[in-house]
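# Close look at the chain arrangement
So the chains spell out like this:
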Amino acid sequence: MSHLPAEPEFEQAYKELVATLENSSLFEEHPEYRTALNVVSIPERIIQFRVVWEDDKGNLQINRGYRVQFNSALGPYKGGLRFHPTVNLSILKFLGFEQIFKNALTGLNMGGAKGGADFDPKGKSDSEIRRFCEAFMRRLCQHIGAETDVPAGDIGVGGREIGYMFGAYRKERNKWEGVLTGKGLDWGGSLIRPEATGYGLVYYVEHMIAHAGKGSFKGKRVAISGSGNVAQYTALKCIELGATVVSLSDSTGCLIAEGDAAFTPAHVNEIAAIKLARKPLTQFSNATAQFKYIPGARPWVHVGKVDIALPSATQNEVSKEEAETLVKNGVQFVAEGSNMGCEQAAIDVFEAARRGKGGVWYAPGKASNAGGVAVSGLEMAQNSSRFNWTAERVDERLQQIMKNIFELSIANAERYVKAEEGELPSLVAGGNIAGFLKVVQAMHDQGDWW
Ligand code: NDP
Ligand code: 8G0
């Protein structure tokens, strides 16, 4: 009988981590880390609560709210809040689990957490969004704090929602403190936080391109999925660096640039406004001759020849077949803006192509999208010191952190994973090992396992 996991996404994330540890020399050299793995895989605490709120017609509405406080060995719990109808414990446990190791890779003092609700912001009025955010935070506020747990936005939660939740926290707890990141600039936010995940992703890929000796972004064709926070700033930075962005998408379909067409900053800004209004990409006015809109489709098999693919929408958005098509069409670099953007079978395709003559190189979200949480960490530092940094200073730190993560991943892959002469090191193995080691060593020092 086949095994039907109760928490499929969590199991997928867990198995992905364990497979890379097993395929390295880590457990041979340190069998005691198997004990550490058993301990780190169970959340320290999970909070579940009901959220009751009133819609515009005066009807009672009810949703499920969660916060998975997975690990606090390295610092206060840190990670986003997701508002999406698909939210459940399996998804939040997978996200919280990956957050532990990602936050460790940043080198900043942050533990791992994730939370959210099965609330669907689409089709809701601004007042309904506000009432939901306030009701959600009235329940969550007892369990978080600047020194305890610092949430942020994720899918369905942007600056507007963070504002409503910050206001609810302040009133409920009678405290103005850095309890959330992604705040407005005048009330404790950091410059470059909105841009950070997308910019960081591109900075990481710049190191991949340089290390592989394949030039720079200039002149490269880039396929991007999603059209939210991560996809927008990824696209803008790619365009700034001279690349051609050939796709964007949302949950209703994808937009593909035809022939010589390419997305410009003006296109991306128009799409950002559509998304802020919680509207679908069908509203994009240029979806005519220049851009083909394909309903219900993801971009990967429709983009033709691309050099770089950057999944930036949601989990499991690249399948085995789509990975095979990308490789066949000459993709050289794949890096996740989204968390667990690739199915395991797709990672296997990219990793096999890395070992083969193709030299395809895959970077896991844990490493490549860490720029967002890294600048959240810098926002926390600014809040603690009560001083704000310039955009240049934040961007410089972000670039340094992405470089460190890339180099740490390479160093750990080379140290713990056997490779053929001339083979590119596995960034997924290197990133996982580096993050795991940092966390479990801190846990050992603190008596969490022995
Ligand atoms: P947004 O809500 O801003 O955008 C999400 C985008 O993905 C939208 O285009 C949305 O389409 C699409 N999408 C969401 N769910 C689905 C789905 N089930 N199927 C198809 N498309 C979907 O979120 P972000 O840009 O912030 O997040 C994108 C990804 O990046 C997530 O995996 C997130 O965890 C990850 N991430 C985000 C960070 C951040 O700082 N924001 C940091 C690191 C990782 P539609 O508009 O139609 O809903
Ligand atoms: O800033 C954060 O804590 C945050 C928000 C949304 C997503 C992520 C992530 O790393 O996946 C982090």
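Structure's up top.
Structural notes, computed from the coordinates.

So, how was this worked out
Residues numbered from 1 in each chain as written. Chains lettered and ligands numbered in written order. Predicted model: local features only at pLDDT ≥ 70, side-chain atom pairs only at ≥ 80, totals over all residues. Heavy atoms only, no water. Pairing = 2+ DSSP bridges. Helix = DSSP H or I, 4+ residues; strand = E, 2+ residues; numbered from the N terminus. Axes fitted to C-alpha atoms, helices over the stretch in contact; angles between N-to-C directions. Contact = heavy atoms within 4.5 Å. Phe/Tyr/Trp six-rings, centres within 6.5 Å; stacked < 30°, edge-to-face > 60°. Buried < 20%, exposed > 50% of the residue type's maximum accessible area, 1.4 Å probe, protein only. Near = heavy atom within 4 Å. Polar contact = N/O pair within 3.5 Å; in protein donor to acceptor, adjacent residues only side chain to side chain. Areas by Shrake-Rupley, 256 points an atom, 1.4 Å probe, with all protein chains shown as cover.

With that settled, consider the sheet that holds strand E1 (residues 45-54). By way of backbone hydrogen bonds, the strands of a sheet pair with one another, either parallel or antiparallel. The sheet built from 5 strands is open, its strands ordered E1-E2-E4-E3-E5 with mixed pairing. With partners counted over all chains shown, the strands left at the sheet margins are E1 and strand E5 (149-153), one partner each. The mean inter-strand angle of the sheet, taken between neighbouring strand axes irrespective of direction, is 20°. Taken together, the 10 bridges between E1 and strand E2 (residues 60-71) define a ladder with antiparallel strand orientation. Its bridge partner lying in E2, Phe-49 is registered against Gly-65. Across the face of the sheet, helix H5 (residues 126-140) comes into contact with E1, E2, strand E3 (77-83), strand E4 (112-117) and E5 while running at roughly 140° to E1.

Next up on the list: the packing of aromatic side chains. The geometry of an aromatic ring pair is captured by the separation of the ring centres together with the interplanar angle, meaning the angle of the planes. The final tally for this structure, using the stated rule, is 27 aromatic pairs. Ring geometry for Tyr-33 against Trp-449: centres 6.0 Å apart, planes inclined by 70°, an arrangement best described as edge-to-face. With Tyr-33 in helix H3 (residues 33-40) and Trp-449 in the segment after helix H15 (427-445), this pair connects stretches of sequence that are 416 residues apart. Given a relative accessible area of 5%, Trp-449 falls into the buried group.

Moving on, we come to the sheet that holds strand E10 (residues 308-310). Spatial ordering of the open sheet is given by E9-E8-E7-E6-E10-E11-E12, a layout of 7 strands whose pairing is mixed. If you trace the sheet from one side to the other, it starts and ends with strand E9 (291-295) and strand E12 (361-363), each paired once. Ignoring which end each strand starts from, the neighbouring axes of this sheet average 15° apart. When strand E11 (residues 333-335) meets E12, the two strands line up parallel, connected through 3 bridges. Looking across to E12, one finds that Ala-335 is bridged to Ala-363.

This paragraph deals with unusual backbone geometry. In the Ramachandran plot, Asn-174 falls in the positive-phi region, its phi being about 55° despite a non-glycine side chain. Mapped onto the fold, Asn-174 is located in the loop between helix H6 (159-173) and helix H7 (193-211). Residue Asn-174 is classed as exposed on the basis of its relative accessible area of 71%.

With that out of the way, let us pick up the site of ligand 1. Within the structure, ligand 1 sits among 24 residues, and Asp-154, Thr-197, Ser-251, Lys-275 and Asn-339 are positioned closest to it. Contact between ligand 1 and Ser-251: an oxygen atom at 2.5 Å from a side-chain N or O atom of the residue. Note that an oxygen atom of ligand 1 is positioned 3.4 Å from one of the backbone N or O atoms of Ala-313. Relative to its unbound accessible area of 880 Å², ligand 1 is 83% covered by the protein chains.

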